[in-house]
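Summary of the model geometry
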Amino acid sequence: MNYLNKLERKIGKYAIPNLSLWIVLTYAIGYIMMYMTPGLIKYLTLEPALILGQGQVWRLVTWILIPPSSGNIFFYLIMMMLYYSLGTSLERTWGTFRFNVYIFGGMFFTVLGAFATYGFYYMTGALTVGIGYYVTTYYINMAIFLAFAVCFPDMQILLWFIIPVKMKWMAYVYAALTIYDFIRSGAAGRIAIVAALLNFLIFYLSTRNYQRVSPKEIHRKRVFRTQMREAQHMAGVTKHKCAICGRTEEDDPTLEFRFCSKCDGNYEYCQDHLFTHEHIKR
C-alpha cells in the first residue's frame, strides 16, 4: 500500500518497537488493579458522556488498561503469552511501523465507535452512560489473532496443549463466535465489535488481489483460452493435463490449470486438484 510506504518514510521513526510487550504490560497493570482496587475500574472505562460532559479526558486512553479477560490468573497468563507471540510474529512480518498502525488503528476505531454509539443513544433519548462496559480490548486482540491466521493459515497450535489445530480453523471458529456475539448484542455491542475489527477488515480487503476479477482480466483470459483451444485443435495435442485426474482443456474448456510451486518437479493440476493434492517430494 503506497500511502503506508509514504507515511512510514515520514513518521516511521516514531513507531514503538516491541509493541506487543507494552500491550501485555498494560493488561498486567489493569489485571492487578482489577483485583486490588476493583472500584477504580469504573473510572477507566471509555464513557463518551463523561468525557464530553465532565471533561474526564483520561478515559480516552485508560480503557486500554482493562484486560480482555477477567478469568483466573493461569488462563490470563496463557492468553497473554499467546497474544504476545502472535503480535511479535506480525511485527516481524509487517515491520514495526505497519504493526503500530494496525494496533493503534484498532484503538482509534474503537474510540470512534464509542462516540458513534453515544451519538445514537443521545438522539434516541436512551441511556448514554454505561457504554464503556461494551468497549474492551477483547476484539482488538481478536484482530491480532485473525490477522495472524490470514498471514499464516497453515501454522499449527496445540489446543489445550494437546490437540494440533491449524490457525485457519481456529480463525473460522473465532469468526463464528464473533458473528454470534454481533447478532445477540444490542446497538452498542454491535458498533463496538465492528469498530474494533474495522482495522482487520481494512487489512484483509486491502491485501486481496482484485485484478483477476476485473472485466479486462476476464476478457483477456477468455480470448487467451479461445486462441489456445484453436491452436491445440489444429496441432492435435493438448497443452495442459492434470497430474491427478488426467483431464485436459479439451475435456472441459472452462477448466483452469496451474503448476504447483510446492511439488518437486513440473506437475500441473486442474482447478479441482490444485489445492487438494498431496505434494510430491523427492
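A quick note: this is a predicted structure, and the numbers were derived from the prediction, not measured. By convention here, each chain's residues receive numbers from 1 onward along its written sequence. Whole-chain, interface and lining totals are the exception, using all residues; otherwise, since this is a predicted model, local features are given only for residues with pLDDT of at least 70 and side-chain atom pairs are given and counted only at 80 or more. By convention in this description, side-chain values take in all heavy atoms of the structure and omit both hydrogens and water.

**Topic: the packing of helix α2 (residues 19-36) against helix α5 (residues 73-94)**
The cut-off we apply is this: For helices, the fitted axis covers only the stretch in contact; all axes are lines through C-alpha atoms, and the angles between them, taken along N-to-C directions, range from 0 to 180 degrees. For helices the rule is a DSSP run of H or I covering at least 4 residues; for strands it is a run of E covering at least 2, with both sets numbered from the N terminus onward. Each angle gets one of four labels, with under 35 degrees taken as roughly parallel, over 145 as roughly antiparallel, 65 to 115 as roughly perpendicular, and the rest as oblique. Left-handed describes a crossing whose near helix is turned anticlockwise from the far helix through less than a right angle; right-handed describes the clockwise counterpart. Here, two residues are considered to be in contact whenever any of their heavy atoms come within 4.5 Å of each other. Gly counts as polar in this scheme, as do all residues outside two lists: the nonpolar Ala, Val, Leu, Ile, Met, Phe, Trp, Tyr, Cys and Pro, and the charged Asp, Glu, Lys and Arg.
In the contact formed by α2 and α5, the axes pass within 8 Å of each other and the chain directions differ by 160°. Taken together, the axes of α2 and α5 are roughly antiparallel relative to one another. Here the hand of the crossing between α2 and α5 comes out right-handed. In this structure, α2 contributes Leu19, Ser20, Leu21, Val24, Tyr27, Ala28 and Tyr31 to the contact, and α5 contributes Ile73, Tyr76, Met80, Tyr84, Gly87, Thr88 and Glu91. Looking at side-chain class alone, the contact of α2 with α5 contains ten nonpolar, three polar and one charged residues.

**Quick notes on the packing of helix α6 (residues 96-124) against helix α7 (residues 138-151)**
Where α6 contacts α7, the two axes come as close as 10 Å, and the packing angle between them is 140°. One finds that α6 runs oblique with respect to α7. For the crossing formed where α6 meets α7, the hand is right-handed. Residue-level contacts link Tyr102, Ile103, Gly106, Met107 and Thr110 of α6 to Ile140, Ala143, Ile144 and Ala147 of α7. Partitioned by chemical class, the residues of the contact of α6 with α7 number seven nonpolar, two polar and no charged.

**Section: the nonpolar core**
The test is simple: Working definition of a nonpolar core: buried Ala, Val, Leu, Ile, Met, Phe, Trp, Tyr and Cys residues. They are joined through side-chain atoms within 4.5 Å. Each residue gets one of three labels from its accessible area relative to the maximum for its type: buried under 20%, exposed over 50%, partly exposed in between, using a 1.4 Å probe on protein chains only.
Formed by 47 residues in total, the largest nonpolar core has its most connected members in Trp63, Tyr102, Ile103 and Phe145. For this core, the elements supplying multiple residues, two or more each, are α2, α3 (48-54), α5, α6, α7, α8 (167-184) and α9 (187-206). The greatest single-element share of this core, amounting to ten residues, is contributed by α7. Contacts of Tyr102, omitting those with residues within four sequence positions, involve Trp94, Ala143, Ile144, Ala147, Asn199, Phe200 and Phe203.

**What to know about α2**
Our working definition: Given the number of residues in a helix, its expected span is that number minus one, multiplied by 1.5 Å.
Here α2 spans 26 Å end to end across 18 residues, near enough to the 26 Å set by a 1.5 Å rise per residue. Looking only at α2, the buried set comprises Leu19, Ser20, Ile23, Val24, Tyr27, Gly30, Tyr31, Met33 and Met34.

**As for the packing of aromatic side chains**
Spelled out, the test is: A pair of aromatic rings is counted whenever rings of Phe, Tyr or Trp (Trp by its six-membered ring) have centres within 6.5 Å, and the orientation is called stacked for planes under 30 degrees apart, edge-to-face for over 60 and tilted otherwise.
One pass over the structure, following the stated rule, counts seven aromatic pairs. Centroid distance Trp94 to Phe99: 6.5 Å. Interplanar angle 50°. Geometry classified as tilted. When its relative accessible area of 0% is taken as the criterion, Phe99 is described as buried. Plain terms: the ring middles of Phe148 and Phe152 are 4.8 Å apart, the flat faces sit at 45° to each other, and that makes the pair tilted. Residue Phe152 is classed as partly exposed on the basis of its relative accessible area, which comes to 25%. Site record: aromatic cluster; members linked through ring pairs are Trp94, Phe99 and Tyr102.

**Structural notes on the confidence of the model for the chain**
Worth spelling out the cut-off: Here pLDDT means the predictor's own confidence in every residue, given as a number from 0 to 100.
Confidence in the prediction of the chain, expressed as mean pLDDT, is 77, and 80% of residues score 70 or more. Averaged pLDDT values for the elements of the chain fall to 62 in helix α10 (residues 215-235) and rise to 87 in strand β4 (residues 268-270).

**Topic: the pattern of salt bridges**
We count it as follows: The term salt bridge refers to a side-chain nitrogen of Lys or Arg lying within 4 Å of a carboxyl oxygen of Asp or Glu.
Throughout the structure, instances matching the rule amount to three salt bridges. When the shortest N-O distance is used, the salt bridge between Asp181 and Arg184 registers 3.5 Å. Here Arg184 and Asp181 lie together in helix α8, a separation of three residues that amounts to about one turn. Looking at Arg184, the relative accessible area reads 57%, which means it is exposed. Ionic pairing is found between Arg247 and Asp272, a salt bridge with its closest N-O pair at 2.7 Å. One end of the pair, Arg247, is in the loop between α10 and β3 (257-259); the other, Asp272, is in the segment after β4, with 25 residues separating them in the sequence. A relative accessible area of 26% places Arg247 in the partly exposed class.

**Details of α7**
Compared with an ideal rise of 1.5 Å per residue, which puts 14 residues at 20 Å, α7 spans 20 Å between its outermost C-alpha atoms and is within 8% of the ideal. Counting buried positions along α7 gives eleven out of 14 residues, so the element sits mostly inside the fold.

**Quick look at the environment of Ile73**
By the secondary structure assignment, Ile73 is in helix α5. Among the residues examined, Ile73 registers a relative accessible area of 46% and is labelled partly exposed.

**Concerning the side chain of Thr110**
Take Thr110: it is sitting in helix α6. The class for Thr110 is buried, based on a relative accessible area of 4%. If we ignore the near neighbours within four places in the chain, the residues touching Thr110 are Leu46, Trp63, Val135, Ile140, Ala195 and Ala196.

**Some words on the environment of Ile51**
Residue position: Ile51 is located in helix α3. Residue classification places Ile51 among the buried positions, given a relative accessible area of 8%. The sequence separation of Ile51 and Phe115 amounts to 64 residues, and the corresponding C-alpha distance is 9.9 Å. With near-sequence residues (within four places) excluded, Ile51 lies in contact with Leu46, Gln56, Val57, Arg59, Leu60 and Phe115.

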